[in-house]
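# An overview of the molecular structure
Single-letter residue listing:
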Amino acid sequence: SDYIELYNRSQKVLDVSQLQIANRSSSGQLANIRKTSLFPFYIFPGDYLVLTEDALILPKQYFVPNMEAVLQVSSLPSMPDNEGTVVLLNQQIVIDELKYSKDWHHPIIRDAEGVALERIDMNGPSGKKENWHSAASDVGYGTPTYKNSQFVPSLSKAIIDVLPKTFSPDGDGFNDVTSIEYNTTEAGFVANVYIYDAAGRPVRHLVKNGLMATKGQWQWNGLSDNNQTLPVGPYVIAAELFNSRGEKVYFKTTVVLAKRL
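Quick caveat, the model's predicted, so the values are computed rather than measured.

So, on to the pattern of salt bridges. Oppositely charged side chains can pair when the atoms bearing their charge come close. Across all of its chains, the model carries 5 salt bridges by this definition. Here Arg119 and Asp96 are joined by a salt bridge, their closest N and O atoms 3.1 Å apart. Placement of the pair is Arg119 in strand β10 (residues 117-119) and Asp96 in strand β9 (residues 93-101), with a sequence separation of 23 residues. Classification of Asp96 by relative accessible area gives partly exposed; the value is 29%.

Dropping the structure here:
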């Protein structure tokens, strides 16, 4: 039985009944939207939840240590082995999306039927092949309801926060800029910081291969790369950090650009 595993990497308790699973049509439109639950079902920070059409057969196929974390659904969107798309929605808003291919599996695997694709870094990007790997054979090619066999913990040597979350660059001396503050436990990290509008379009490359101190901040004044004033609304700040050992970590958060009435 196919399954989709969700992991709550936030610090919030999520009601799964507010989520939907979908895929995309050949034209790129959302299709086959399915509710995950008709009744409230909560997933706590750091917990896993497995969605499957047959909760009884799943433990016959894989080791499932926590059946309470298995939620049987009436149907899942089609997930062909060759390639496909899985979209996680919250009230029709896309919160995560994966476009996968059979080529993402390890070359040694000739038949990927029943072999789960596992996310390596929960904080890494969803759409990069390098962040996915075939589940290990010694766990039965899948780890439903518990830590992925190919899991590599994300770099815990850096913390980034944005303050204030809402700013108004109107020159009145109050919250005219937002600060992206960081702390690292070791020197030598290099950063790229990008800002995107609500449609996902890049509007500012704020930091370009910037060598980081162990503690510091960058500031954004609400201007684009062309020094144009940007319209009010939500923006996404995405930071990519890496060091000489090849370790990488990604941060993504939102900020609201506002104007005083």
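That was the structure; now back to the text.
To continue, consider a nonpolar patch on the surface. Together, Val13, Tyr42 and Phe44 give the surface a local cluster of nonpolar side chains, amounting to about 310 Å² of exposed area. On the basis of relative accessibility, which here comes to 48%, the residue Tyr42 falls in the partly exposed class.

This part takes up the sheet that holds strand β13 (residues 166-167). The 5 strands lie next to each other as β13-β19-β18-β15-β16, forming an open sheet whose pairing is mixed. Only two strands of the sheet have a single partner each, and these edge strands are β13 and β16 (202-211). In this structure, strand β15 (residues 190-197) lies alongside strand β18 (residues 233-242), joined through 8 bridges in antiparallel fashion. Its bridge partner being in β18, Ile195 is matched across the sheet by Ile237.

Okay, the packing of aromatic side chains next. This model, assessed by the stated rule, comprises 9 aromatic pairs. Look at Tyr7 and Tyr48: their rings are 4.8 Å apart centre to centre, the planes differ by 45 degrees, and that puts the pair in the tilted class. Residue Tyr7 is found in strand β1 (residues 3-7), and its partner Tyr48 is found in strand β6 (residues 48-52); the two are separated by 41 residues along the sequence. Residue Tyr7 is classed as partly exposed on the basis of its relative accessible area of 33%. When the ring of Tyr194 is compared with that of Tyr196, the centres are 6.4 Å apart and the planes differ by 35 degrees; the resulting orientation is tilted. Overall, Tyr194 belongs to the partly exposed group, its relative accessible area being 26%. Take Tyr196: its relative accessible area is 26%, and that puts it in the partly exposed class.

Overall, mixed pairing links the 3 strands, which are arranged β1-β6-β7 in an open sheet. Across the chains shown, the open sheet's two edge strands, defined by having one partner strand only, are β1 and β7 (70-72). Taking each pair of neighbouring strands and ignoring which way they run, the sheet shows an average axis angle of 25 degrees. Pairing of β6 with β7 involves 3 bridges; the strand directions are parallel. Within β7, the position partnered with Val50 by the bridge is Val70.

Before going further, it helps to spend a moment on the side chain of Ser37. The topology assignment puts Ser37 in the loop between β4 (30-35) and β5 (42-43). Given the relative accessible area of 4%, Ser37 is considered buried. Dropping the residues within four chain positions of it, Ser37 is found in contact with Val16, Ser17 and Leu71.

The biggest cluster of nonpolar side chains holds 24 residues, and the ones touching the most others in it are Ile180, Val193, Leu206, Trp218, Trp220 and Tyr235. Here this core takes 4 residues from β18, the largest share from any one element. With residues near it in sequence (within four places) discarded, Leu206 still touches Ile180, Val193, Ile195, Trp218, Gln219 and Trp220. Core analysis: the next-biggest nonpolar cluster, separate from the first, contains 19 residues, Ile21, Ile43, Val86 and Tyr100 among them.

Here we take up the confidence of the model for the chain. The pLDDT averaged across the chain works out to 89; a share of 97% of its residues lies at or above 70. Confidence, read as mean pLDDT per element, is least for strand β12 (residues 158-163) in the chain (84) and greatest for β6 (96).

Let us now look at a negative patch on the surface. Side chains of Asp2, Glu53, Asp81, Asp111 and Glu113 sit close together on the surface and give a patch of like negative charge. As for its placement among the helices and strands, Asp2 is situated in the segment before β1. What makes Asp2 partly exposed here is its relative accessible area of 43%.

Each value, and the rule that gives it
- Residues numbered from 1 in each chain as written.
- Predicted model: local features only at pLDDT ≥ 70, side-chain atom pairs only at ≥ 80, totals over all residues.
- Heavy atoms only, no water.
- Salt bridge = Lys/Arg side-chain N within 4 Å of Asp/Glu carboxyl O.
- Helix = DSSP H or I, 4+ residues; strand = E, 2+ residues; numbered from the N terminus.
- Buried < 20%, exposed > 50% of the residue type's maximum accessible area, 1.4 Å probe, protein only.
- Patch = residues over 30% accessible without salt bridge, like charges linked within 9 Å, V, L, I, M, F, W, Y side chains within 5 Å.
- Areas by Shrake-Rupley, 256 points an atom, 1.4 Å probe, with all protein chains shown as cover.
- Pairing = 2+ DSSP bridges.
- Phe/Tyr/Trp six-rings, centres within 6.5 Å; stacked < 30°, edge-to-face > 60°.
- Axes fitted to C-alpha atoms, helices over the stretch in contact; angles between N-to-C directions.
- Contact = heavy atoms within 4.5 Å.
- Core = buried A, V, L, I, M, F, W, Y, C linked by side-chain atoms within 4.5 Å.
- pLDDT = per-residue confidence, 0-100.
- Lys, Arg positive; Asp, Glu negative; His and termini not counted.
- Charge placed at Lys NZ, Arg CZ, Asp CG, Glu CD.

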